[in-house]
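One-letter residues, chain by chain:
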Amino acid sequence: MPSLEKIVLVGPMGAGKSTVGRLLARELSLPFKDSDAVVEARSGVDIPWIFDEEGEAGFRQRETAVLAELMQEEALVLATGGGIVLCEKNRRLLQQAQAVIYLSANVEQLLKRTEKDKKRPLLQVANPREKIQQLLAEREALYRQVATQVMMTEAQNPKVLVSAIVSRLRETA
Ligand code: S3P
């Protein structure tokens, strides 16, 4: 397959970016990175701590610095945080990838996959369903704007989804 060395997954919290990304990286024999994990590693603290101490704005600055750094890598599959598309600079950086895959999911699915999670500060609210809906309304167009490929994740297990992604990558490479 010709150079498909930088592949990025975008999409909302709970879409399965890390799970799918890890499997996809294995399938394509590429290294896997997760921008949230790199932010935590560089900061030495976790994401809830950053949101508490520096607010969302502080987290976004750290996220952009990490994305710029990761886009310098020659080859990787990168799972990004759900808000990566908000910043224009990030959207420009994502153009350096050969493929940007938007993992799309419905609100029910996102709610189910995130409801027990305490590590996502934006969802620690009285009505997470409403918050997920609001975030999707704000971000959906941006995910589509940066994406070279949109994958619906409903009712597909991650392995099936990864095969479909690989087929699509091979068709378009
Ligand atoms: C966020 C998504 C999270 C993480 C942070 C903010 C968002 O990543 O970056 O909590 O704004 O949607 P995941 O999408 O991996 O949960």
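Reading guide: rules and limits
Residues numbered from 1 in each chain as written. Predicted model: local features only at pLDDT ≥ 70, side-chain atom pairs only at ≥ 80, totals over all residues. Heavy atoms only, no water. Helix = DSSP H or I, 4+ residues; strand = E, 2+ residues; numbered from the N terminus. Buried < 20%, exposed > 50% of the residue type's maximum accessible area, 1.4 Å probe, protein only. Contact = heavy atoms within 4.5 Å. Areas by Shrake-Rupley, 256 points an atom, 1.4 Å probe, with all protein chains shown as cover. Lys, Arg positive; Asp, Glu negative; His and termini not counted. Charge placed at Lys NZ, Arg CZ, Asp CG, Glu CD. Near = heavy atom within 4 Å. Polar contact = N/O pair within 3.5 Å; in protein donor to acceptor, adjacent residues only side chain to side chain. Nonpolar A, V, L, I, M, F, W, Y, C, P; charged D, E, K, R; others polar. Expected span 1.5 Å × (residues − 1). Bend = angle between axes of the 7 residues up to and from the residue.

Q: Explain the overall build of the chain here, please?
A: Along the backbone of the chain there are seven helices and five strands. Secondary structure elements in the chain, listed N-terminal to C-terminal, are β-α-β-α-α-β-α-β-α-α-β-α. Looking at the 173 residues of the chain, the share that counts as buried comes to 47%. In the chain, once contacts between residues fewer than 6 apart in sequence are set aside, the share between residues at least 24 apart is 74%. For the chain, the exposed surface amounts to about 8,800 Å²; the carbon and sulfur share of it is 49%. Each charge class in the chain can be summarised by its mean position, and for the 24 positive and 23 negative side chains these summaries are 3 Å apart.

Q: I keep staring at the site of the ligand and nothing clicks. Help me out?
A: Not every one of the 13 residues close to the ligand is listed here, only the nearest: Lys17, Asp36, Arg60, Arg120 and Arg139. Note that an oxygen atom of the ligand is positioned 2.7 Å from one of the side-chain N or O atoms of aspartate 36. The contact in question runs from an oxygen atom of the ligand to an N or O atom on the backbone of glycine 83, over 3.4 Å. Expressed as a share of its isolated accessible area of 390 Å², the protein-covered part of the ligand is 95%. Counting residues per element, the shell around the ligand draws most heavily on helix 3 (residues 47–70), which supplies three residues. When the residues that make up the shell around the ligand are grouped by side-chain class, the tally is five nonpolar, three polar and five charged.

Q: What's the story with helix 3 in this structure? I'm lost.
A: In an α-helix, one turn spans 3.6 residues; hence positions three or four apart end up facing the same way. A rise of 1.5 Å per residue sets the reference length of helix 3, with its 24 residues, at 34 Å; its end C-alpha atoms lie only 18 Å apart and thus fall more than 12% short of the reference. The largest bend in helix 3 amounts to roughly 120° and is located at glutamate 54. Within the span of helix 3, buried status applies to Ile47, Ile50, Phe51, Gly58, Phe59, Arg60, Glu63, Thr64, Val66, Leu67 and Leu70. Buried residues in helix 3 make contact with strand 2 (32–34), helix 2 (35–43), strand 3 (76–79), helix 4 (88–94) and helix 6 (128–146).

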